[in-house]
Amino acid sequence: MALYETVFIARQDLTAEDVDALANKFCNIITDFKGKIVSKEYWGLRNLAVRVKKNHRGHYILINVNANFPAIAELKRVMGYTEDVIRSSIFKVEAHQEESQLFISHTAKDFKPNLAAKKQAGKYDLILEQFQFDS
Amino acid sequence: MSIENNYKANNSATSENNEDTFIKISLVNQSVFIRKKKSCPLRDIPITEINYGNLKLLNKFLSERGKIIPARISNVELKKQRAIANAIKRARQLALISPIKKEVN
């Protein structure tokens, strides 16, 4: 068993229920191969920095997984032909984060626009503000 | 050596970690050069904090055009510079950071 992080971007015109259904569909693939889902995160409907398959915005979903390689290979194959997914990537990691910096809610259903604004400042933000490089 | 002592006395009040600082004074043509060794700006931040989701950190290490700032300029240590470069490439892949920014004219 190894630890993986899966991030995918879903099309912007999906509803919150569709996004959750899509995430559950991918989770079921992992559990069919006797893998474990560690956590799920929804980062909201974000503006894309670049146009991806003619989309300007997209739903970001992160799934932390503890599984063997066959499960990951199957997940990658299914993500490839699903039309609602516009971009996906799977990274192998040494340890999972408890909560990523872009975390807003666990599922798309719980998402509220207020939550993003209420988010507390990070632990190291004060140090980061002091950086200045003259290039 | 009075200059060095004065410099240290002035500096000790402002900077807390004097061990990191390195002062070199050379008297050439009767002019004084004071050189201070810069330390890594990320020394207080653990390497696990550097990942593709931490956009606040990654944006500090991008130039105006969206290129990665070299370690030669930012003085980041080698292991962390490699982690930053990898994290920025992953963030570009996921459309969190744009690969290039257009020049404003």
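The preceding data block contains the structure.
Since we're looking at a predicted model, the values are computed, not measured.

Trainee: Go over the interface of chain A and chain B with me, naming the residues and quoting the values.
Mentor: With 18 residues of chain A in contact, the opposing surface of chain B contributes 20 residues. Counting residues per element, the ones that place at least two in the side of chain A that touches chain B are β2 (36–52), β4 (85–92) and α4 (125–129) of chain A. Counting residues per element, the side of chain A that touches chain B draws most heavily on β2 of chain A, at 4 residues.

Trainee: Help me get a handle on the pairing of strand β1 (residues 2–10) of chain A, residues and values and all.
Mentor: Residue and element names in this part refer to chain A. With 7 of 9 residues buried, β1 is to be regarded as a mostly interior element. Pairing of β1 with strand β3 (residues 55–67) involves 9 bridges; the strand directions are antiparallel. Counterpart to Ile9 in the pairing with β3 is Tyr60. Across 7 bridges, β1 lies against β4 in antiparallel orientation. By the bridge assignment for β4, Ile9 is matched with Arg87.

Trainee: Now, about helix α1 (residues 16–32) of chain A: what can you tell me, with residues and values included?
Mentor: Note: α-helices contain 3.6 residues per turn, so residues at a spacing of three or four share the same orientation. Residues and elements named next belong to chain A. For α1, built from 17 residues, the straight-helix expectation of 24 Å at 1.5 Å per residue is met to within 8% by its first-to-last C-alpha distance of 25 Å. When α1 is considered as a whole, its buried residues turn out to be Val19, Leu22, Ala23, Phe26 and Ile30. Looking down the long axis of α1, one finds its buried residues gathered within 95° of arc, a one-sided arrangement. Counted as exposed and oriented over 90 degrees from the buried face of α1: Glu17, Asn24, Lys25, Asn28 and Asp32. In this fold, the buried residues of α1 make contact with β1, β2, β3 and α2 (69–81). Once α1 finishes, Lys34 follows within two positions and takes phi at roughly 65°, a positive value.

Trainee: Explain the sheet that holds β3 of chain A to me, using residue names and the numbers behind them.
Mentor: All names here are of chain A. The antiparallel open sheet is built from 4 strands, whose spatial order is β2-β3-β1-β4. In this open sheet, the two strands that pair with only one neighbour each are β2 and β4. Within the sheet, the average angular offset between the axes of one strand and its neighbour, ignoring direction, is 20°. Lying over the sheet, α1 contacts β1, β2 and β3, oriented at roughly 25° with respect to β3.

Analysis parameters
Residues numbered from 1 in each chain as written. Chains lettered and ligands numbered in written order. Predicted model: local features only at pLDDT ≥ 70, side-chain atom pairs only at ≥ 80, totals over all residues. Contact = placed C-beta atoms within 7 Å. Helix = DSSP H or I, 4+ residues; strand = E, 2+ residues; numbered from the N terminus. Buried ≥ 20, exposed ≤ 12 C-beta atoms within 10 Å, placed from the backbone. Pairing = 2+ DSSP bridges. Expected span 1.5 Å × (residues − 1). Arc of directions from axis to C-beta. Axes fitted to C-alpha atoms, helices over the stretch in contact; angles between N-to-C directions.

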